[in-house]
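Summary of the model geometry
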Amino acid sequence: MNFFSNKRSSKAQNDGFTLIELLVAVGMFALLMTMIVSALLTMIYTNRKGQALSLVTTNLDFALESMTRYIRIGYDYDCVGASAPDCVSGSDEFHFTSPIDVDGDLNSPDDVRFRFDNNAVERQVNSGAWIPLTGADIIVDTTISKFYVTGAFPNPDTFQPKVVIVLRATANVLGQTTTFNLQTTATQRIPDN
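Report on the accompanying structure. (Residues numbered from 1 in each chain as written. Predicted model: local features only at pLDDT ≥ 70, side-chain atom pairs only at ≥ 80, totals over all residues. Heavy atoms only, no water.)

1. Thoughts on the pattern of salt bridges
According to the stated counting rule, one finds 4 salt bridges in the structure shown. The closest approach of N and O atoms between Asp 117 and Arg 115, which form a salt bridge, is 3.6 Å. The exposure class of Arg 115 is buried, given its relative accessible area of 16%. Here Arg 115 and Glu 122 are joined by a salt bridge, their closest N and O atoms 2.6 Å apart. (Salt bridge = Lys/Arg side-chain N within 4 Å of Asp/Glu carboxyl O. Buried < 20%, exposed > 50% of the residue type's maximum accessible area, 1.4 Å probe, protein only.)

Shown next as structure tokens:
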């Protein structure tokens, strides 16, 4: 009889989990869930930062593309504030004549100016108001950003007028400052006679 009772007590001890086994299992589950949630939060943060950087790059791309589109079809290039239309040392403001309508009033040609001022890229058409081409979340470094013009003077010459636009801007994306250094070149399409 004793033999049977030992078997019963042995079987009763093996049913279920001990408190220590349960605590170890719950602890491992909690650690695993913490790692998964941490990875998920990191992915969400990275996605938000990527989207914000994409918006900033799109904004800067729009400003540069807008300028170069009109500069390429324009003529009578001139650096404002320079002693000659050519400004190989750079200028904060650039002026030209656009043969197509820029401001929507259907009067052509238009007098167009671009400048780096007020921490933004700005455009003025026919002495109207200055309109910013960059968003408020982008700060343009007006000490570094310049227009460089070559071949605009004397006219006619052997060089097609060319404008090099150098742009440095910073943006605060989710608490981190990101600096963008961009450069593009636009050459006058109309032959320089």
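2. Regarding the environment of Gly 128
Mapping Gly 128 onto the fold places it in the loop between β5 (120-125) and β6 (131-132). Sequence separation of Gly 128 and Asp 103 is 25 residues, and the distance between their C-alpha atoms is 9.3 Å. (Helix = DSSP H or I, 4+ residues; strand = E, 2+ residues; numbered from the N terminus.)

3. So, the nonpolar core
Formed by 32 residues in total, the largest nonpolar core has its most connected members in Met 67 and Ile 71. The leading source of residues in this core is helix α2 (residues 19-73), at 7 residues. (Core = buried A, V, L, I, M, F, W, Y, C linked by side-chain atoms within 4.5 Å.)

4. Here we look at the packing of aromatic side chains
Going through the model one piece at a time under the given rule, you end up with 6 aromatic pairs. Taken together through their ring pairs, the aromatic side chains of Tyr 77, Phe 94, Phe 96, Phe 114, Phe 116 and Phe 147 make up a single cluster. The ring of Trp 130 carries Arg 115 above its face, with NZ or CZ at 3.9 Å from the centroid. (Phe/Tyr/Trp six-rings, centres within 6.5 Å; stacked < 30°, edge-to-face > 60°. Lys NZ or Arg CZ within 6 Å of the ring centre and 35° of its normal.)

5. Some points on a nonpolar patch on the surface
Judged by side-chain polarity, Phe 29, Leu 31, Leu 32, Met 33, Met 35, Ile 36, Val 37, Leu 40, Leu 41, Met 43 and Ile 44 come together as a nonpolar surface patch covering roughly 1,100 Å² of accessible area. By secondary structure assignment, the location of Ile 36 is in helix α2. (Patch = residues over 30% accessible without salt bridge, like charges linked within 9 Å, V, L, I, M, F, W, Y side chains within 5 Å. Areas by Shrake-Rupley, 256 points an atom, 1.4 Å probe, with all protein chains shown as cover.)

6. Notes on the state of the cysteines
Counting across every chain of the model gives 1 disulfide. Between Cys 79 and Cys 87 runs a disulfide, and the two sulfur atoms are separated by 1.7 Å. For the residue pair Cys 79 and Cys 87, the accessibility class agrees, reading buried in each case. (Disulfide = S-S within 2.5 Å.)

7. Examining the pairing of strand β9 (residues 162-173)
Two strands pair when backbone bridges link them, and strand β7 (residues 138-140) and β9 are joined in this way by 3 bridges, in the antiparallel orientation. Paired with Val 140 across the bridge in β9 is Ala 169. With 5 bridges joining them, strand β8 (residues 146-150) and β9 adopt antiparallel strand pairing. The partner of Lys 146 across the bridge, within β9, is Val 166. As paired elements, β9 and strand β10 (residues 176-187) share 12 bridges and run antiparallel to each other. Its bridge partner being in β10, Val 173 is matched across the sheet by Gln 176. As consecutive antiparallel partners, β9 and β10 are separated by 2 residues, and within that stretch Leu 174 has a phi angle of approximately 50°, a positive value. (Pairing = 2+ DSSP bridges.)

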